[in-house]
Amino acid sequence: MASAAKQSKKLRILVMPFFATSHILPLTDLAFHLAAVRPDDVEVVVAVTPANAPIVRSALARREPSHASVDVATYAFPAVDGLPPGVENMSTVSAADSWRLEIAATDEALLRPAQESLVRESSPDAIVSDLHFFRWNAGIAAELGIPCVLFNVVGIFSTLATWRLALSGNVKDTPAGSSVTIPQIPGPEISMPVTELSEFLRNPPVFDPSAGAHFMMLLKSCGFISNTFFDLEHEYCESHEHSGYVKRTYCVGPLSLPMSPPARAGAAGRSACLDWMDTKPAHSVVYLCFGSLTNFSEAQLDELALGLEASGVPFLWVVRVKTWEPPVGWKDRVGSRGMVFKGWAPQTDILQHPALGAFVTQCGWNSVLETIAVGVPVLTWPMVYEQFLTERFVTHVLQIGERLWPEGAGRRSTRYAEHDVIPAKDIAQSIAKFMEHGGAAEAARRRAMELSPKAHAAIAEGGTSNRDLHQLIDDFIAARGPTTS
């Protein structure tokens, strides 16, 4: 599309993500894309606390060299009761203390001074702020006379479903053993056990009416950016656009694209897990990774280990709990059929490997988009937040996978204490059946492979997401007005 009129000064956009890797990475990807599509017009600054800066720099370093101008700025993380110094990310905080980070990110008195100081020093022309946190940034932007657009890290389906349920008021008084149907949403009818809904819906925070009205005013006065693409969620995008909840929606994903080419065999620094996958037949390996926010009990880890053993299927399992060890004799019994990988795994390389047959995922939206981009089927194991809603989108709407634990087999919940331990025999049966020749994985893979080229087309020059990126920049430039050197 035609470039906006040349300005004597680049448009400066300040991007402010929440303290979680699952938020920092897509917002860093957004920063890269904004700068890359219009390198002569745009420069972007990603603002994070010091302990989170390496995550941003690492994500930018993985991008192909380009003329994109993206800088990193830091502001001080406040002293938070119960958190040791340097713990500034949801993936490094203990499960028992994660709420402290979330509370800090909504505490205006605690956090606003450092963020506002950085905003004013940076002199941005626009701010992109995390939707559910740092709401005061919209007010700071208004004081400065610049636009503020809110970024949502989950898909439109889950967002729309959450808002419809919240506004219906049906969840809070529904018994824990009951289900609710998502109202006023296109596509197939979706019912959810109350236990699988987020805490925000099950136990709504007590806002005074003015606070709730202020949030709705924010949504209607600010633009809304979603890491999705129109062809993936078109019915829900249209319903969201017409809902009146937001001023304007920009669908700009999948922001993880283009993926870097996978490391070749023998390449320096190539992960050992990829070398192991090289020894396996095509579409034979089940990859298990549950993101940075999932916390399994040791009992569940043991059952998962025994289930993988009994499945007979080759597997690559990423385990975050560094202190956990599998049951006695398990490693010898499994042998080279399985690999346990502790620490950071090269997920995009794994997902692109020809040996990969299926991905067992917690249904974090970033992982779902990466899966769609490469056309891989999934088995779903959601744990927290909106992941159960995303699961329904994956299994009921897109039909690119199945839930790992069949409906009715036991209780699943967004509350850790309510979630039953899934037994080894159920895990083994589910994986083995899904992966068998002619099984559900093959049909799901065909559907996922149909979506993959659409994802790449959306972010390519002239695609729907690429056009929305340009439109967002044009809207920022229009709001800034003429500039002088």
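To keep things clear, this report deals only with the structure shown in the data block. Just so it is clear, the model here is predicted, and its values are computed rather than measured. (Residues numbered from 1 in each chain as written. Predicted model: local features only at pLDDT ≥ 70, side-chain atom pairs only at ≥ 80, totals over all residues. Heavy atoms only, no water.)

**Here's the deal with the nonpolar core**
Operational definition: Each nonpolar core is a collection of buried residues, namely Ala, Val, Leu, Ile, Met, Phe, Trp, Tyr and Cys, held together in the definition by side-chain atoms within 4.5 Å. Here's how the labels work: a residue is buried when its accessible area is under 20% of the maximum for its type, exposed when over 50%, partly exposed in between, all with a 1.4 Å probe on protein chains only. In this analysis, two residues are considered to be in contact whenever any of their non-hydrogen atoms come within 4.5 Å of each other.
Membership of the largest hydrophobic core comes to 127 residues, with the highest contact counts inside it found for Leu30 and Leu316. Those residues in contact with leucine 30 that lie beyond four places of it in its chain are Val128, Phe151, Ile225, Val252, Leu255 and Leu469. The next biggest cluster of nonpolar side chains, apart from the first, holds 30 residues, and it includes Ala305, Trp317, Leu379 and Ile427.

**Remarks on the sheet that holds strand S4 (residues 126–130)**
Selection rule: Paired strands, as defined in this entry, are two strands with at least two bridges between them according to DSSP. Only DSSP runs of H or I reaching four residues or more are called helices, and only runs of E reaching two or more are called strands; each is numbered from the N terminus. Angles shown run from 0 to 180 degrees and are taken between the N-to-C directions of axes, each axis being a line fitted to C-alpha atoms and, for helices, limited to the stretch in contact.
Taken in spatial order, the seven strands of this open sheet run S3-S2-S1-S4-S5-S8-S9, and their pairing is parallel. In this open sheet, the two strands that pair with only one neighbour each are strand S3 (70–74) and strand S9 (248–251). Averaged over all neighbouring strand pairs, the angle between strand axes comes to 25°, with direction disregarded. Sitting on the sheet, helix H2 (residues 53–61) is in contact with strand S2 (42–48) and S3, with an inclination near 175° to S3. With respect to the sheet, helix H18 (residues 464–480) is in contact with strand S1 (11–16), S2, S4, strand S5 (148–152), strand S8 (223–226) and S9, its orientation differing from that of S9 by roughly 135°.

**Topic: the packing of aromatic side chains**
Just so we agree on the cut-off: Working definition: rings of Phe, Tyr and Trp (its six-membered ring) pair if their centres are within 6.5 Å, and the pair is stacked with planes under 30 degrees apart, edge-to-face with planes over 60 apart, and tilted otherwise. The criterion for a charge sitting over a ring is simple: Lys NZ or Arg CZ within 6 Å of the ring centre, and within 35 degrees of the ring normal.
With the rule as written, the count across this model stands at 17 aromatic pairs. Taken together, a centroid distance of 5.4 Å and an interplanar angle of 80° make the contact between phenylalanine 290 and tryptophan 381 edge-to-face. With a gap of 91 residues between them, phenylalanine 290 in the loop between strand S10 (285–289) and helix H11 (298–311) and tryptophan 381 in the loop between strand S14 (378–380) and helix H15 (387–398) connect regions that are remote in the sequence. Ring centres of tryptophan 317 and tryptophan 330 lie 6.5 Å apart, and the angle between their planes is 80°; on these two criteria the pair is classed as edge-to-face. Taken together, the residues span a long stretch of sequence, with tryptophan 317 in strand S11 (residues 315–319) and tryptophan 330 in helix H12 (residues 330–334) at a distance of 13 residues. Pairwise contacts between aromatic rings join Phe18, Phe19, Phe77, Phe133, Phe134 and Trp136 into one cluster. Sitting over the face of the ring of tyrosine 250, arginine 248 holds its NZ or CZ atom 4.5 Å from the ring centroid.

**A closer look at the sheet that holds strand S15 (residues 401–403)**
With respect to topology, six strands assemble into an open sheet ordered S12-S11-S10-S13-S14-S15, the strand pairing being parallel. The open sheet is flanked by strand S12 (338–342) and S15, the only strands paired with a single partner. Within this sheet the neighbouring strands show an average axis-to-axis angle of 20°, counted without direction. Two strands pair when backbone bridges link them, and strand S13 (residues 356–361) and S14 are joined in this way by three bridges, in the parallel orientation.

**A closer look at the packing of helix H1 (residues 21–37) against H18**
The description of two helices packed together rests on the angle between their axes and the distance between the axes. For clarity, the threshold we go by: An angle counts as roughly parallel when it lies under 35 degrees, as roughly antiparallel when it exceeds 145, as roughly perpendicular when it falls between 65 and 115, and as oblique in every other case. Just so you know the grouping, Ala, Val, Leu, Ile, Met, Phe, Trp, Tyr, Cys and Pro go in nonpolar, Asp, Glu, Lys and Arg go in charged, and all remaining residues, Gly too, go in polar.
It is the contact of H1 with H18, at a shortest axis distance of 10 Å, that shows an interaxial angle of 80°. Classified by the angle their axes make, H1 and H18 are roughly perpendicular. Note on element contacts: H18 touches H1 through Asn466, Leu469, His470, Leu472 and Ile473, opposite Leu30, His33, Leu34 and Val37. Counted by class, the contact of H1 with H18 contains six nonpolar, three polar and no charged residues.

**Observations regarding the side chain of serine 226**
If you trace the backbone, serine 226 turns up in strand S8. What serine 226 contacts, discounting residues up to four positions off in sequence, is Asn152, Val154, Gly155, Ile156, Tyr250, Cys251, Val252 and Gly253.

**Here's the deal with the pairing of S9**
Worth spelling out the cut-off: Seen with its strands pointing away from the viewer, a crossover is right-handed if its path from the first strand over the helix to the second goes clockwise.
Pairing of S8 with S9, which is carried by four bridges, proceeds in the parallel orientation. Of the residues in S9, the one forming a bridge with serine 226 is cysteine 251. In this fold, the crossover linking S8 to S9 by way of helix H9 (residues 234–242) has right-handed handedness.

**Focus: helix H17 (residues 440–459)**
What counts is decided by this rule: Multiplying 1.5 Å by the residue count of a helix minus one yields the expected span of that helix. By definition, the arc is the one covered by directions from the helix axis to the C-beta atoms.
Between its terminal C-alpha atoms H17 stretches 29 Å, which fits the 28 Å expected from 20 residues at 1.5 Å a residue. Buried within H17 we find Ala441, Ala444, Arg445, Ala448, Leu451, Ser452, Ala455, Ala458 and Ile459. Along the axis of H17, the buried residues cluster in a sector spanning 140°; they form a single face. Those residues of H17 that are exposed and angled more than 90 degrees off the buried face are Arg446 and Glu450.

**Considerations on the state of the cysteines**
As a reminder of what qualifies: Two cysteine sulfur atoms form a disulfide, by the criterion used here, when they sit within 2.5 Å.
The final tally for this structure, using the stated rule, is zero disulfides. With no disulfide of its own, cysteine 251 has cysteine 237 as its nearest cysteine by sulfur position, at a separation of 3.8 Å. As a non-bridged cysteine, cysteine 273 has cysteine 289 as the owner of its nearest cysteine sulfur, 10 Å distant.

**Section: the pattern of salt bridges**
Inclusion rule: In the sections that follow, a salt bridge refers to a side-chain nitrogen of Lys or Arg positioned within 4 Å of a carboxyl oxygen of Asp or Glu.
Applying the stated criterion across every chain yields a total of 26 salt bridges. Measuring nitrogen to oxygen at the nearest pair gives 2.8 Å for the salt bridge that ties glutamate 199 to arginine 415. Note that glutamate 199 is positioned in helix H7 (residues 199–202) and arginine 415 in the loop between S15 and helix H16 (424–435), a separation of 216 residues in sequence. Accessibility expressed as a relative area gives 34% for glutamate 199, which makes it partly exposed. In this structure, lysine 331 engages glutamate 325 in a salt bridge whose closest nitrogen and oxygen atoms are separated by 3.5 Å.

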